[in-house]
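Structure at a glance
If you want the building blocks of each chain, they are given just below.
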Amino acid sequence: ILVASCAALVIQSLAANLGVVTGKHLAEHCRAEYSKVPNFLLWIVAEIAVVACDIPEVIGTAFALNMLFHIPVWIGVLLTGLSTLMLLAIQQYGVRKLEFLIAFLVFTIAICFFVELHYSKPDPKEVLHGLFVPQLKGNGATGLAISLLGAMVMPHNLFLHSALVLSRKIPRSATGIKEACRFYLIESGLALTVAFLINVSVISVSGAVCNASDLSPEDRAKCEDLDLNKAPFLLRNVVGKWSSKLFAIALLASGQSSTITGTYAGQYVMQGFLDLRLEPWLRNFLTRCLAIIPSLIVALIGGSAGAGKLIIIASMILSFELPFALVPLLKFTSCKMKMGSHANS
């Protein structure tokens with residue numbers, strides 16, 4: 001998590017700088033620089049990344065509904081389509097209102113997990129040791145590590161960060177551009193710091209609970225194969241009944257905030273690569289349908305355990321697709337920065 005957070009800060013800052021300096025986002029640069037076939041293939045990969053990101057959001061929201069209202073996971077998957085209506089109702093008020101909504105949802109997540117962190121009381125020394133001495137233990141640890149990278153440095157977010165900066169008025173002077181780049185670096189740093197603290201809290205709470213001395217044999221067995229669906233019930237048994245509801249609220253807020261960012265990223269990807277603009281409701285509807293279909297099939301066949309594994313698989317897909325966004329970003333950033341330095345000299 002620490003390494004992925006540092007990587008995310010560097011990469012997102014590069015994406016924002018590209019948009020600030022050039023006035024175009026990453027997908028637009030791809031369309032301008034590459035021929036039709038590579039551009040089309042990059043678009044396909046970016047769209048797959050958007051769908052792969054939407055799958056954990058769909059399943060996570062379904063799990064949250066199950067925890068809060070005891071709704072079966074497969075029905076919860078279908079109900080997540082209603083978030084499209086919520087998103088449409090908010091989009092008409094502009095990007096800034098959406099940014100405030102996302103900030104509020106992230107703040108809700110942080111409060112929920114920080115409260116649980118206070119009650120679970122993990123050992124600070126163990127937390128620091130885990131931060132700086134990475135280890136891969138247990139079945140599937142390597143796959144989880146790979147999925148964490150994709151979950152934190154999402155490839156479609158590079159297109160989003162390079163595009164969102166264009167919605168703000170930036171002075172086109174050298175000083176104005178430098179100040180804007182510095183501002184977006186600070187903004188990304190603050191956002192990723194909050195995300196980092198939330199993720200550390202999640203891991204620390206899980207570790208503290210699973211190492212509690214008063215764990216029952218049943219709970220200890222759950223810790224051996226802990227997934228998203230089992231975590232709240234484990235917390236309820238050890239920390240308190242209210243903690244599972246708090247976990248569910250945080251999960252619901254997380255799913256909705258990610259839905260908003262994924263939808264906007266998909267719009268910029270399609271507009272940039274294909275110079276094609278779809279109505280927001282149609283774009284969100286298509287993306288959500290593509291995510292709901294595999295989630296629904298897995299939930300019906302494999303139940304909550306299968307849905308939990310699908311989250312890991314989708315996050316691993318994001319990790320493997322990261323180079324397809326990162327390589328063009330590094331290429332365009334280095335080229336544009338060289339051009340800018342020559343122009344200044």
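Residues numbered from 1 in each chain as written. Predicted model: local features only at pLDDT ≥ 70, side-chain atom pairs only at ≥ 80, totals over all residues. Heavy atoms only, no water.

As named in an unreviewed UniProt entry, the chain is Natural resistance-associated macrophage protein 1.4, taken from Brassica juncea. Per its UniProt entry, the chain bears the Sequence similarities (unreviewed entry) comment "Belongs to the NRAMP (TC 2.A.55) family." You can read under Subcellular location (unreviewed entry) in the UniProt record for the chain the words "Membrane". (UniProt positions renumbered as here; feature names shortened; annotations may be inferred.)

Feature annotation in UniProt assigns "transmembrane region" (unreviewed entry) to the following positions: residues 67-88, 100-120, 140-160, 181-209, 246-265, 285-304 and 310-330. Between the end C-alpha atoms of residues 140-160 there is a gap of 31 Å, over a span that is 86% helix and 0% strand. (Helix = DSSP H or I, 4+ residues; strand = E, 2+ residues; numbered from the N terminus.)

Attention now moves to unusual backbone geometry. Of note in this structure, His 70 is not a glycine but carries a positive phi near 60 degrees. Topologically, His 70 is positioned in the loop between α3 (36-69) and α4 (73-79). Non-glycine residue Lys 121 carries a positive phi angle of around 50 degrees. With respect to the helices, strands and loops of the structure, Lys 121 is situated in the loop between α6 (95-120) and α7 (124-132). Using a relative accessible area of 60% as the deciding quantity, one classes Lys 121 as exposed. (Buried < 20%, exposed > 50% of the residue type's maximum accessible area, 1.4 Å probe, protein only.)

What follows covers the environment of Ala 151. Mapped onto the elements, Ala 151 comes out in helix α8 (residues 141-152). The exposure class assigned to Ala 151 is partly exposed, which follows from its relative accessible area of 33%.

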